[in-house]
Each structure stands twice: as C-alpha cells, then as structure tokens.
Amino acid sequence: MRKFLRRVLIVCLAIAAVPAALFASLSLWFWYKTAEVESFYRENRLLGELRAVQQDSTNDSALAREALLTMVPLGTSREAAIAVLRREKLGCQGMAGPITCGTMSPNVLGYKQWMVSLEFDTNEQLREARVAIWNIFL
C-alpha cells in the first residue's frame, strides 16, 4: 500500500510540475521579449519618443505628430527631414510630392508598424506631418 501511495504521489507531483514549468518558460520568454522591445526603442530615439506618447493603434496620432515635430520641425527641408527619418531606420518612398516613411518594430506579442507621412510646400519645406501606428499581433 505504501508503494502505491508513493507512486501516486510521484505521478501527481510530475503532473503538477508540467504547468509550473510552462508558466516559468512563458515568464522567461515574456521577460526576454520585453527586454528586446525596450532595447530597440532605446536605440531608435525618435520611435521611442513616439511610442512614449502613443501606445495604441491609430491612423492619425496628434500626440505622436507633436513628438515627431520636435525632431523634424515644420519648415525643415525635404532632404533634412528624410535624412532624420532614415537615420531612425524608417524607409522612405516618393521623391516628389508627399513622402511616406515606415518601419516595423518589435512588440511583445507581434510587431508595431509605423507610418510617417510628410507633405512639403512648393519650396520643399515641411508643411504637414502625420503618424499612423498599427499593432500587428501574431
């Protein structure tokens, strides 16, 4: 009878250990992904500042626009504005008219897509900017 109880106890402990191991693994993975995301935003100052003011998905963030305009103020030349965004690892498309720049950044449960739209006046000076942020869950 004692051997039977001992075996039952060992089986129960083994079964209880599986969820504990899964929980520990998930916690470590979550910690790792969070550290990876924070490291990315420390390395990319502009995106870090945009993320600090706007966490949610949006097609037009006024808060993120204001943060963008602190680094690329209205009146900035086209070349200078594009250079700042490219340094921040945003790929830009369009040479004439409006420019659209974007990138994907890591998120704990997927990715975050950043889209920055810039409009220039006839003197090639920045006159308008918009920031869209989309959370992409995997």
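The structure we're discussing is the one just above.
Only a predicted model underlies this, so the values are computations on that prediction, with no experimental measurement involved.

Peer 1: Please provide a residue-by-residue account of the side chain of Ser105, values included.
Peer 2: The residue Ser105 is located in strand 2 (residues 99–107) in this model. Side-chain polar atoms of Ser105 contact the side chain of Tyr41, separated by 2.6 Å. Ser105 has contacts with Phe40, Tyr41, Tyr111, Lys112 and Trp114, leaving out every residue within four places of it along the chain.

Peer 1: For a nonpolar patch on the surface, give the residues involved together with the corresponding values.
Peer 2: On the surface, Leu26, Trp29, Phe30, Leu109 and Phe137 cluster together to form a nonpolar patch covering roughly 560 Å² of accessible area. Ranked by residues supplied to the nonpolar patch, first place goes to helix 1 (residues 2–43) with three residues. Locating Trp29 in the fold gives a position in helix 1.

Peer 1: Please set out the pairing of strand 3 (residues 110–120) residue by residue, giving values where relevant.
Peer 2: Remark: a regular strand shows side chains that alternate across the two faces of the sheet. Relative to strand 3, strand 2 runs antiparallel, the two sharing nine bridges. Residue pairing in the sheet places Cys101 in a bridge with Val116 of strand 3. Hairpin connection of strand 2 to strand 3: two residues between the antiparallel strands. Between the end of strand 3 and the start of strand 4 (residues 126–137), which pair antiparallel, lie five residues, with Glu124 showing a positive phi angle near 65°.

Peer 1: Tell me what's going on with the side chain of Glu88, and back it up with residues and numbers.
Peer 2: For Glu88, the location among the structural elements is in the loop between helix 4 (78–87) and strand 1 (91–93). Despite its burial, Glu88 pairs with no opposite charge, the nearest such side chain being Arg87 at 6.0 Å. Not counting residues within four places of it along the chain, the set of residues in contact with Glu88 comprises Asn44, Arg45, Leu46 and Leu47.

Parameters and conventions
- All residue numbers refer to position in the chain's written sequence, counted from 1.
- pLDDT decides what is reported in this predicted model: residues at 70 or higher carry local features, side-chain atom pairs at 80 or more are listed and counted, and totals for whole chains, interfaces and linings draw on all residues regardless.
- Computation of side-chain values: all heavy atoms of the structure, hydrogens and water removed.
- A helix here means a DSSP run of H or I that spans at least four residues, while a strand means a run of E at least two residues long, and both kinds are numbered starting from the N terminus.
- Here a polar contact means two N or O atoms within 3.5 Å. Within protein one must be a hydrogen donor candidate and the other an acceptor candidate, and residues neighboring in sequence count only if both atoms are side-chain atoms.
- Contact between two residues is taken to exist if any of their heavy atoms lie within 4.5 Å; hydrogens are not considered.
- Like charges are joined within 9 Å and nonpolar side chains (Val, Leu, Ile, Met, Phe, Trp, Tyr) within 5 Å, but only among residues with over 30% relative accessible area and no salt bridge; these make up the patches.
- Per-residue and other accessible areas follow the Shrake-Rupley method at a 1.4 Å probe size, with only the shown protein chains counted as cover for residues.
- The rule for a salt bridge is simple: a side-chain nitrogen of Lys or Arg has to be within 4 Å of a carboxyl oxygen of Asp or Glu.
- Paired strands are those between which DSSP finds at least two bridges.
- Here's how the labels work: a residue is buried when its accessible area is under 20% of the maximum for its type, exposed when over 50%, partly exposed in between, all with a 1.4 Å probe on protein chains only.
- Only four residue types enter the tally: Lys and Arg on the positive side, Asp and Glu on the negative side, with His and both chain ends excluded.

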